[in-house]
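What follows is the residue order along each chain.
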Amino acid sequence: MARTASPRGTDTEDPAGLGRARAAAISAPALLIIAAFLVFPALWTLYLGTTDYRLTGFAARHPRGVGLQNYTNVIQDPDFHHSLWLTVEYVLFSAVLGQALLGFVIAWMLRDTRGWLKRLIEALVLLAWILPSSVVAFLWVAMLDRGSGTLNALLNTPGTAWAIEHPMAVIVVFNIWRGTAFSMLLYSAALTGVPPSQLATARMFGANSWQQLRDVVFPHIRGHILTNLLLISLWTFNDFTPYQITAGGPDGKSEILPVYIYQTALFDGQMGLGAAISLLMLLINLVVALVYLRLLRERRGGRKPERVAP
Amino acid sequence: MTQIRTADLTKTFADAGGGVTALDALTLTIEDGEFFALLGPSGCGKTTLLRTLAGLETPSSGAVYIGEADMTRTPAGKRGVAMVFQDYALFPHMTVTENIAYPLRVRGVPKAQQREAVLAAAADLGLTGTDTTVGLLDRRPEALSGGQQQRVALARATAAKPSVFLFDEPLSNLDARLRLEARTFLKRLQRELAVTTVFVTHDQAEALALADRIAVMQSGRIRQLGTPREVYRRPANTFVASFIGSTPMNLLEGVVRDGRVLVADSEIAPPDGTGERLAERAAVVLGARPEYFRVSPDPLDGAFRGTVEVAENLGSSLLLTLDVSGTAVQVVVAEEDEPEPRATVWALPRADRTLLYADGELVG
């Protein structure tokens with residue numbers, strides 16, 4: 001009488017023992033929500049990119065298909081080139097150079113620190129990261145304010161409008177301040193995996209700090225560095241928070257791509273064009289991700305050992 | 001000529017509970033060319049002492065002299081000291097050649113000279129190929145066995161041409177069979193290089209087998225300093241007595257009366273040479289190694305009379321645990337003398353090998 005195997009299939013095919021119909025019924029609500037809020041908008045954006053759909057006016061009621069017109073327009077648009085270039089600068093300076101470098105330096109300096117100092121620095125850095133972006137944006141607006149800003153009071157430079165005179169520098173510094181915590185935490189965790197005996201060995205042979213980093217630390221945490229760079233590059237590339245500080249201005253001087261799309265699609269109302277730019281941005285993200293993943297895989301493939309019996 | 005000397009070396013680690021003293025005013029001289037063991041249970045301060053000699057720890061007070069120079073504040077890389085760690089600490093992303101060349105590369109030695117030194121060091125340690133074996137120089141550490149990894153680590157240390165070698169638990173990462181082989185190899189290597197060598201171990205057999213002299217440590221102090229023979233034959237206190245020896249020494253509490261030692265309801269002859277100067281003492285501890293007993297099924301004068309409780313086979317011999325009026329006494333007998341279980345036997349300790357302790361210290 002006792003039947004050990006499930007009547008609907010083997011245990012490996014159906015570990016929960018639910019059967020196909022019930023399993024589908026259980027996961028259906030989640031799939032529906034994903035379809036409604038993720039898959040459909042993505043496909044809809046793809047479709048919109050081939051139309052002249054606008055928020056208002058005649059084209060809002062009766063959008064016409066325009067084929068690849070939007071894409072050719074965007075690619076020839078100097079504003080798009082300008083915006084793309086600003087985004088590359090923003091990612092390079094604030095994420096790759098700023099967050100990753102500063103995060104590593106802090107993690108490296110704190111590696112042997114214990115107790116209240118480490119906890120204090122970690123808490124301060126993390127605070128910047130966990131506060132909602134609207135809150136930190138307001139804090140920065142208040143700090144940079146021309147009339148009664150904290151920065152002008154500290155530097156004794158009354159009347160300097162930082163966000164207007166140096167908009168890119170402001171958002172770069174802002175993003176470094178904001179995102180360094182993530183890199184620091186990731187590198188801190190990675191550094192605990194570096195065998196102390198290898199560092200001590202390098203030290204005993206007279207390796208200086210740079211040689212210890214180059215010969216022991218970096219080879220060990222290379223995967224962590226690449227993963228971190230991938231994540232922060234993509235996050236920074238898609239970051240919309242600068243809009244809350246400079247609104248892309250003045251005169252488009254800090255109009256990075258997400259802001260440019262927002263201005264095009266929702267401010268100017270050219271939804272079709274905005275959708276086309278969105279797709280281009282997605283493609284750029286994909287290329288960036290593929291490059292990093294390729295680098296990661298190269299390392300694993302390159303280190304494959306020939307197993308030899310002792 | 002590289003002698004190592006420490007003077008009142010103290011190291012205290014800050015801790016929540018006030019601090020832990022790892023080294024307690026330790027003064028020690030290690031002679032030129034000596035193979036020196038720091039032996040003790042975990043937490044005795046032996047590793048801290050080794051790391052302080054290496055320059056990886058800074059002492060709280062006291063001084064370290066290597067050769068003639070005071071090196072107490074000299075950074076690790078400038079002491080002319082090479083250390084081999086328990087896990088060998090080979091760089092996993094470098095080949096064997098690159099690993100061995102590392103100390104030279106750091107010093108900026110020209111490539112051709114590096115190559116020469118690597119080949120010499122590798123040949124010394126049997127890492128280059130012969131007619132029948134394959135060379136290991138182009139492999140990465142992960143493709144090597146534990147014993148091979150150790151030899152690469154040793155080759156790297158010798159390539160640095162240090163005046164002192166420091167080994168941290170050099171054999172504990174090897175499996176039992178390989179350990180004996182590596183032990184012989186290590187001793188021969190040290191003899192050939194004749195470089196002052198200090199190593200740390202928790203295994204008394206390793207220390208006895210390898211070292212010219214042993215410092216037995218406990219709680220940051222040296223409890224006994226001597227040759228393996230001295231430390232084994234005449235442990236200076238009950239701590240060393242219980243620590244040295246693969247079968248632990250019998251330490252039996254008793255009293256001295258009329259020139260005899262009364263222990264476990266038996267009257268035992270005192271250790272040789274103590275005879276007349278043996279004062280009446282209220283409490284003593286008689287120390288006798290299980291190996292130094294004569295065991296007989298017939299009554300012996302001045303022996304322990306006990307029943308065999310447990311017999312453990314040690315290969316060529318047997319370790320018997322005897323019940324002597326409620327006290328456990330362990331003795332070793334040859335394989336052909338195995339008694340019946342629960343048999344009554346007489347065990348006579350060799351008077352030239354028994355020891356007497358009072359207040360934990362050796363008195364005779």
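Residues numbered from 1 in each chain as written. Chains lettered and ligands numbered in written order. Predicted model: local features only at pLDDT ≥ 70, side-chain atom pairs only at ≥ 80, totals over all residues.

The name given to chain B in an unreviewed UniProt entry is ABC transporter ATP-binding protein, with Catenulispora pinistramenti as the source organism.

By the naming in an unreviewed UniProt entry, chain A is Sugar ABC transporter permease, taken from Catenulispora pinistramenti. Looking at the Subcellular location (unreviewed entry) heading of the UniProt record, one finds this comment for chain A: "Cell membrane". Of the comments in the UniProt record for chain A, the one headed Sequence similarities (unreviewed entry) reads "Belongs to the binding-protein-dependent transport system permease family." (UniProt positions renumbered as here; feature names shortened; annotations may be inferred.)

Q: Teacher, can you tell me more about helix 3 (residues 111-124) of chain B here?
A: Since there are 3.6 residues in each turn of an α-helix, residues three or four apart along the chain are aligned in direction. Residue and element names in this part refer to chain B. Over its 14 residues, helix 3 extends 20 Å from the first C-alpha to the last, a length consistent with the 20 Å expected when each residue adds 1.5 Å. Taken together, the buried positions of helix 3 are Gln114, Ala117, Val118, Ala121 and Ala122. The buried residues of helix 3 all sit within an arc of 130° when viewed along its axis, so they share a single face. The exposed set on the far side of helix 3, more than 90 degrees from its buried face, consists of Ala112, Gln113 and Ala123. Those residues of helix 3 that are buried are in contact with helix 2 (96-106) and helix 4 (146-159). At the C-terminal side of helix 3, glycine 126 shows a positive phi close to 65°. (Helix = DSSP H or I, 4+ residues; strand = E, 2+ residues; numbered from the N terminus. Expected span 1.5 Å × (residues − 1). Buried ≥ 20, exposed ≤ 12 C-beta atoms within 10 Å, placed from the backbone. Arc of directions from axis to C-beta. Contact = placed C-beta atoms within 7 Å.)

Q: In this structure, what is going on with the nonpolar core? I would like to understand it.
A: Most often, soluble globular proteins have nonpolar side chains that are buried together. Grouped together as the largest cluster of nonpolar side chains are 149 residues, with contacts concentrated most on Leu166 and Ala347 of chain B. Sorting elements by how many residues they give to this core places helix 9 (residues 167-191) of chain A first, with ten residues. In this structure, this core is formed jointly by two domains, domain 1 (4-237) and domain 2 (247-362) of chain B, each of which donates at least three residues. Every residue in contact with leucine 166 of chain B, bar those within four places of it in the chain, is listed here: Leu50, Leu53, Ala54, Val81, Met83 and Val198 of chain B. (Core = buried A, V, L, I, M, F, W, Y, C linked by C-beta atoms within 7 Å. Domains from an automatic or database assignment.)

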